Amino acid sequence: MLYVALKTLHLLSLIVWLGGMFFTLFCLRHAAHTLAPPQRLPMMAVALGRFFNAVAVAAVLLLVTGGAMVGRTAAATKQTGAPFNMPLEWLIMAVLGVVMMLLFCHIRFALYKRLQRAVAAQDWPLGGATMDKIRGWVSINLVIGVVIVVVVMAGTMT
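Residues numbered from 1 in each chain as written. Predicted model: local features only at pLDDT ≥ 70, side-chain atom pairs only at ≥ 80, totals over all residues. Heavy atoms only, no water.

Participant: I tried to follow the overall build of the protein on my own but got confused; where do I start?
Facilitator: Along the protein, the regular secondary structure elements total four helices and zero strands. For the protein, the α and β elements follow one another from N to C terminus as α-α-α-α. When the backbone C-alpha atoms are referred to their principal axes, the protein occupies close to 65 × 25 × 25 Å. A total of 158 residues make up the protein; the buried ones form 33% of that total. For the protein, the computed accessible surface area is about 9,100 Å², with 73% contributed by carbon and sulfur atoms. (Helix = DSSP H or I, 4+ residues; strand = E, 2+ residues; numbered from the N terminus. Buried < 20%, exposed > 50% of the residue type's maximum accessible area, 1.4 Å probe, protein only. Areas by Shrake-Rupley, 256 points an atom, 1.4 Å probe, with all protein chains shown as cover.)

Participant: Sorry, what's going on with the side chain of Arg40 here?
Facilitator: With respect to the helices and strands, Arg40 occurs in helix α2 (residues 37–79). The buried charged residue Arg40 lacks any salt bridge partner; its closest oppositely charged side chain belongs to Asp132, at an N-O distance of 8.0 Å. Discounting chain neighbours no more than four positions away, the residues touching Arg40 are Ala32, His33 and Leu35. (Lys, Arg positive; Asp, Glu negative; His and termini not counted. Salt bridge = Lys/Arg side-chain N within 4 Å of Asp/Glu carboxyl O. Contact = heavy atoms within 4.5 Å.)

Participant: How do you make sense of the packing of aromatic side chains when you look at a structure like this?
Facilitator: Aromatic ring pairs: the centre-centre distance and the angle between the two ring planes describe each pair. By the definition in use, this model includes five aromatic pairs. Judged by centre distance (5.3 Å) and plane angle (90 degrees), the ring pair of Phe52 and Tyr112 falls under edge-to-face. Here the residue Phe52 occupies a position in helix α2, and Tyr112 occupies one in helix α3 (residues 88–120), the gap between them amounting to 60 residues. Both residues of the pair, Phe52 and Tyr112, belong to the buried class. Linked through ring pairs, Trp17, Phe51, Phe52, Phe104 and Tyr112 together constitute an aromatic cluster. (Phe/Tyr/Trp six-rings, centres within 6.5 Å; stacked < 30°, edge-to-face > 60°.)

See below:
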């Protein structure tokens, strides 16, 4: 039962992160472009701030639940006397997940701070350029997240 709860939290955290990136890139961003920079950039800064807070929680939950599931599986395997070899798709998921988290940290603690400063200073050109950089890195993170899902799903089918 605990494993099911861990896996559910893991998947819900993933949905929050990937779904939020998709929504931001393909829905919110395009709708926001109907506004002039003095309205668009402060609105995006507030929306991204809320989203980044949610992603921070999701990332922690992904680490904790993923580590707990691997640990429980390893312990159960060792109790049978067999050696534990982490499946390749789990290893890929873990490595790419950490890469995503590192990229998120760059977005959240460097680029987002720059956006906040630009909005506070009403420096709309800098704010727009920073949003473009955020969009680029979020796009990369979304692609990595989709690759993780595809790799894990392909691994469960074999």
